[in-house]
Amino acid sequence: MEYRSLGRTGIQVSPLCLGAMMFGAWGEPDHDMSVKTIHAALDSGINFIDTADVYSQGESEVIVGKALADGRRDDVVLATKVHGQMGGTGDPNSRGTSRRWIVRELENSLRRLKTDYVDLYQVHRLDPHTHHEETLGALTDLQRQGKIRAFGSSTYPAEQIVEAQWTAEKRGLGRFATEQPPYSILVRHVEADVLPTLQRYGMGVLSWGPLASGWLSGGYRKGAPLPQSKRADRLPQRFDITLPGNQLKLDAAERLAQLANEAGMSLIHLSLAFVLQHPAITSAIIGPRTMDHLDSQLGAAEVTLTPEILDRIDEIVPPGVTLAFGDRGYQSPTLTDKLQRRRRV
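The text that follows walks through the structure, step by step, so that each part is easy to find. (Residues numbered from 1 in each chain as written. Predicted model: local features only at pLDDT ≥ 70, side-chain atom pairs only at ≥ 80, totals over all residues. Heavy atoms only, no water.)

This paragraph deals with the overall build of the chain. Scanning the chain from terminus to terminus reveals 12 helices and 10 strands. In summary, the chain has a C-alpha radius of gyration of 20 Å against a globular reference of 20 Å for 345 residues, a match within 12%. When the 345 residues of the chain are sorted by exposure, 53% land in the buried category. Sequence-distant contacts, at least 24 apart, represent 78% of the contacts inside the chain between residues at least 6 apart. (Helix = DSSP H or I, 4+ residues; strand = E, 2+ residues; numbered from the N terminus. Rg over C-alpha atoms; globule rule 2.2 N^0.38 Å. Buried < 20%, exposed > 50% of the residue type's maximum accessible area, 1.4 Å probe, protein only. Contact = heavy atoms within 4.5 Å.)

What follows is the structure in structure tokens.
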């Protein structure tokens, strides 16, 4: 497996990153089975694991900690995230990217992961209530303490990526070394501005959702019953087939499945190879729940799509186009908050 440099950090990571979101209550509740899947991924050559505190409210981190407790920790590039609401109390300070919460929640993540440090600590989403200087200042201090090796962002719009880089330079703070945007054949809006911006700053790029939450797994076909999943229950806007954007996804998935069949490969390999061939992408995060899911995705890093196949993909979903608005990941509050669109009366 050919490893890639994680931006300017010098850390070498596998082109496929094992995402641990589906280990725990959100997916596979059996810890032993999840650990077995993680070990199989590591044995295959994957050396990069990505999780988050909010995944199953810390359970995913606990499972990853168990999987690395047998002496594998030093051989793994370990990433986790902070931002989402933790705990069931609704405490407004148990979320976000304030110094208070970042410092506290990193300690919680380290405890669950059974480690003294993480290689990459990521801000899971933009916090509109906290200035970049506050967030970057806390992350810089934690990096200097040796508790994190590098830090990054996730699902930031291009203008906020630029502002964070400017703030770091202006204030003499550490900067985001990586970004984790949504990117797949069905979700291509980041090609217009986010990916070029990341290339300009030399940032590592870990794309999430390369199979578009399962839409590109081969299970979504016209005339067949739609798969049922816990993810569909949690995120109905991404799966409700009555929504026009999701109908477009089903049409595209059908055409892409036919293209993959003509090319002599699985739709999964076609979809992952498409993401990995973009020059900005460092690693694509896969999220297997079972061993079969993992087996179906391994090997995609060795697939190369011809220019003819890439052109056919562009005909099905044009560059820069995301078929369903709900798949964009980041939605500006200037669109979602009525008070930011209208004068108060």
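The next thing to look at is the sheet that holds strand 6 (residues 118-123). Strand order in the closed barrel formed by 8 strands is 3-4-5-6-7-8-9-10, with parallel pairing between adjacent strands. Strand after strand, the sheet turns through a mean of 30° between neighbouring axes, direction not considered. Looking at chain direction, strand 8 (residues 178-180) and strand 9 (residues 204-207) are connected through 2 bridges and run parallel. The residue bridging Glu179 from the neighbouring strand is Val205, located in strand 9. On top of the sheet, helix 4 (residues 132-144) reaches strand 6 and strand 7 (148-154); it is set at about 155° to strand 7, its chief contact. (Pairing = 2+ DSSP bridges. Axes fitted to C-alpha atoms, helices over the stretch in contact; angles between N-to-C directions.)

Turning next to the nonpolar core. By size, the foremost hydrophobic cluster in this structure holds 84 residues, and its most contacted members are Ile38, Ile49, Phe176, Leu186, Leu256 and Ile313. Of the residues forming this core, the biggest block, 8 residues, is contributed by helix 9 (residues 267-276). Discounting chain neighbours no more than four positions away, the residues touching Ile38 are Leu18, Phe23, Ile49, Ile63, Val64 and Ala67. Membership of the second largest hydrophobic core comes to 13 residues, among which are Ile11, Ala150, Ala177 and Ile285. (Core = buried A, V, L, I, M, F, W, Y, C linked by side-chain atoms within 4.5 Å.)

Quick look at the packing of aromatic side chains now. If you walk through the whole model with that rule in mind, you get 7 aromatic pairs. Between Phe151 and Phe176, the ring centres sit 6.1 Å apart and the planes meet at 80°, which makes this aromatic pair edge-to-face. Of the two residues, Phe151 is situated in strand 7 and Phe176 in the loop between helix 5 (158-171) and strand 8; the sequence distance between them amounts to 25 residues. Each of the two residues, Phe151 as well as Phe176, counts as buried. Plain terms: the ring middles of Tyr220 and Phe239 are 6.5 Å apart, the flat faces sit at 35° to each other, and that makes the pair tilted. Here Phe239 lies in the loop between helix 7 (230-234) and helix 8 (244-263) and Tyr220 lies in the loop between strand 9 and helix 7, a separation of 19 residues in the sequence. In this pair, the class of Tyr220 matches that of Phe239, namely buried. Members of the aromatic cluster, each reached through a chain of ring pairs, are Phe151, Tyr156 and Phe176. Note that Arg73 overlies the ring of Tyr117, its terminal NZ or CZ placed 4.3 Å from the centroid. Over the ring of Tyr117 we find Arg149, and its NZ or CZ is 3.9 Å from the ring centre. (Phe/Tyr/Trp six-rings, centres within 6.5 Å; stacked < 30°, edge-to-face > 60°. Lys NZ or Arg CZ within 6 Å of the ring centre and 35° of its normal.)

A side chain with one charge can pair with a side chain of the opposite charge if their charged atoms come near. Under the counting rule described, the total for this entry stands at 16 salt bridges. Of the charged contacts in the structure, one is a salt bridge between Arg221 and Glu254, with a shortest N-O distance of 2.9 Å. Remark: Glu254 occurs in helix 8 and Arg221 occurs in the loop between strand 9 and helix 7; sequence separation between them is 33 residues. Owing to a relative accessible area of 14%, Glu254 belongs among the buried residues under this scheme. Across the pair Asp251 and Lys222 runs a salt bridge whose closest N-O atoms are separated by 2.7 Å. Pair noted here: Asp251 is in helix 8 and Lys222 is in the loop between strand 9 and helix 7, with a separation of 29 residues, a long-range link. Of the residues examined, Asp251 reaches a relative accessible area of 30% and is grouped as partly exposed. A network of salt bridges, in which partner residues are shared, links Asp43, Asp70 and Arg72. (Salt bridge = Lys/Arg side-chain N within 4 Å of Asp/Glu carboxyl O.)

Positive phi, normally seen in glycine, also occurs at Ser56, with a value near 55°. Secondary-structure assignment places Ser56 in the loop between strand 4 (48-50) and helix 2 (59-67). Positive phi is not limited to glycine here, since Gln57 has a value of about 50°. Here Gln57 shows up in the loop between strand 4 and helix 2.

Read these as spatial facts, not as claims about activity.
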